[in-house]
Every structure is written in C-alpha cells, then in structure tokens.
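Observations on the model geometry
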Amino acid sequence: MRPNRATSAAAQTSLILSWAQGLVGLVDSVRDVSWPRESSRVWELNGTGGRHFLKLSPDRLAFDRETYAYRGAAPKLGDGRAPVLVDADPVAMALLLTAVPGAVVKGLTLTAGEEGDIHRQAGALLRRLHDTATPSAHTRLEAAADTSRLLDQGARQLAVWTPLLTAAQRLLVGDLIDELRGTSELPAAFLHGDWQPRNWLWSGELAAVDFEQSRYGPAVDDFVLLASGPWWLDRPDLRESFISGYGRTLNGAEQRALRGLAGLAAAGGIARGTAAADLELVRRGQLTLNRLLTGDFA
C-alpha cells in the first residue's frame, strides 16, 4: 500500500516511513525537523543505511518543482553541495534525500570572516545554479511569465496592504509595480526561489537545500530575500561578498527590478508580520520601503 493524501496523518507518516525503509534499510531514529509552518514536512532518518531526509511536499507544484531540480540542476552544483534524490513517490508527494554535511546557517554563531566567506560561497553556488539554465526562447518566456505573475499578484494585494502603509509607501509600491512592467528583458536563470541562510548548510563549504520553489525566472529574483532581509540591509559588506562570489554585478535593468521586487516583498512582509505579530518582519519591511523612498537601498 502506498501513502496518499486521503490517508490519516498518523497512518500516512507510518506508510511513508515504511516506504523509505524499503529503500535505505532499517531506520533506528526519526526526528521531525520541519520549519514551524503549515506546509512541507521533513524528517531526519538515521539507521543502517546512514542519515537521510524524508520530505512530504505541501502540494503538487512544489513536489514537481523539487523533483525536477534534484534530477536536473542540483547534481550540477557539485559533490556535497546539495542532497541527492534517492527516490520520489508522486502519489504521496514524498522525496527521500541523502544528507549533506553542515549545520543550517540561520542561527549559527559566526565570526565576521565566516559570514563573509559564507556569503561569497553562496554567491558562487547560486551562480552555478543559475547557469544550469540553457539560454533559450523557452527560458526567456518562462522568466517573463514569472515576473508578470509576481506583478499581477502584487497589484491585487496592494488594496490589502494599503491600511498598513503610509501614503508615501503606497504610492511607492504602486510606482514600483508600474516601473517593473516597463522593465526590459531580464537575464533568465534556473532559480532556487528561496535563497537565504535557512536553506544553506555550512561545514566550511556551503551546501543548499529546499528546492520546492525552484523554477525558471529572472536571475535577480534570487537576490530579493537577501536584499530585503536583515543580512544586506544591516550588513552591506555581506552584499559585496555575495556579489564577488556571484562573479558579476547586476545590470541596470536588474538593479531597477531588484528595487521593485524588494518593495513588493517588503509590503508583503509587513502584511504577514502584522497578521502573525512578527515585529521583526514588520521592521524589516518598513526599513526596506523607507530606504527605497530615500534612495538608500543598495
């Protein structure tokens, strides 16, 4: 019997674990390492076959994206730079992955030198991922469609965000959406989609995990979370390290797009932070919008 979404949660977990054991051998210990969110579930498995991770995708799109990434782009990052897909069950939307060395960067106590090295390697690894996309009419169309989707979503959400923003911020976000619609074609890439320290593992070398938001899109989109998060807002030196690792600066159109995408992300962050009483998320969103207003956004 194979697990499916109609199975109860407890029975489903048991069936998925049985499926995993059939592939990697007896499992001695199971630890839930999921992020505190109602989406994907992840378990760390240890047993006779070594250490693995079992992931249950939140929906079909996330499952398809992640299996596509692990079968195509991730192996091109190099040995130990991303998990290897052992197998995937499309019925349960489950993925069984090898473990890669390292600890999650988010929450680590690091020296300034280590932080700079991590961001430099993160830039280099992202460039390697981006370059797995073969330039073609298809990837360019996918990138343009991805940008249009983000803009349409932002335009619809603007009315929801309005009570949470100042008049100047509302005008700014509306102007950024309009400006983005007029942006010339942006360099396309195979995106990670959630490129930030919680998805980086550090062991002296950097590895990446969690490809469920991967897709073809404009390369600059993978810069947004860092540019509008606590890393580059408070530490421009980390931005310089990242760009150094990436191997090229953003062109003029990409820099303008980064402003617009960061503004949309900031407004959305303020809304999510307000709903969840997450004051830090609200603070970062306000800081990003205010720096965009004053021209201080890097």
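These lines cover the structure that appears in this document, whether it is placed above or below.

Definitions and limits used
- Here the residue index of a chain counts from 1 through its sequence in written order.
- pLDDT decides what is reported in this predicted model: residues at 70 or higher carry local features, side-chain atom pairs at 80 or more are listed and counted, and totals for whole chains, interfaces and linings draw on all residues regardless.
- Excluded from the side-chain calculation are hydrogens and water; included are all heavy atoms of the structure.
- Salt bridges are defined as contacts in which a side-chain nitrogen from Lys or Arg sits within 4 Å of a carboxyl oxygen from Asp or Glu.
- For the purposes of this entry, the term helix denotes a DSSP run of H or I that reaches at least four residues, the term strand denotes a run of E that reaches at least two, and both are numbered from the N terminus.
- When accessible area is computed with a 1.4 Å probe and restricted to protein chains, residues below 20% of their type maximum are described as buried, those above 50% as exposed, and intermediate ones as partly exposed.
- An axis is simply a line fitted to the C-alpha atoms; with a helix, the fit covers only the stretch in contact. Between two such axes, the angle follows the N-to-C directions and lies from 0 to 180 degrees.
- By the definition adopted for this analysis, an angle is roughly parallel if under 35 degrees, roughly antiparallel if over 145, roughly perpendicular if from 65 to 115, and oblique otherwise.
- Contact between two residues is taken to exist if any of their heavy atoms lie within 4.5 Å; hydrogens are not considered.
- Under the scheme applied here, ten amino acids are nonpolar (Ala, Val, Leu, Ile, Met, Phe, Trp, Tyr, Cys and Pro), four are charged (Asp, Glu, Lys and Arg), and all others, including Gly, are polar.

With that out of the way, let us pick up the pattern of salt bridges. Scanning all chains against the criterion turns up 19 salt bridges. Among the ionic pairs, E115 bridges to R235, the shortest N-O distance being 2.8 Å. With E115 in helix α3 (residues 112-130) and R235 in the loop between α7 (230-234) and α8 (236-246), this pair connects stretches of sequence that are 120 residues apart. Classification of E115 by relative accessible area gives partly exposed; the value is 23%. The salt bridge partner of R198 is D194, with a shortest N-O separation of 3.2 Å. For D194, a relative accessible area of 4% translates into the label buried. Each of K55, E66, D210 and E212 takes part in one network of salt bridges that share partners.

All right, on to the packing of helix α5 (residues 167-181) against helix α10 (residues 279-294) then. The interhelical angle for the contact between α5 and α10, taken along N-to-C directions, is 75°, at an axis separation of 10 Å. Between α5 and α10, the interaxial angle falls into the category roughly perpendicular. Counting all contacts with α5, which are made through A168, Q169, L172, V173 and L176, the residues of α10 involved are Q286, L289, N290, L292 and L293. Classifying every residue of the contact of α5 with α10 gives seven nonpolar, three polar and no charged.

Taken by themselves, the reported measurements are silent on function.
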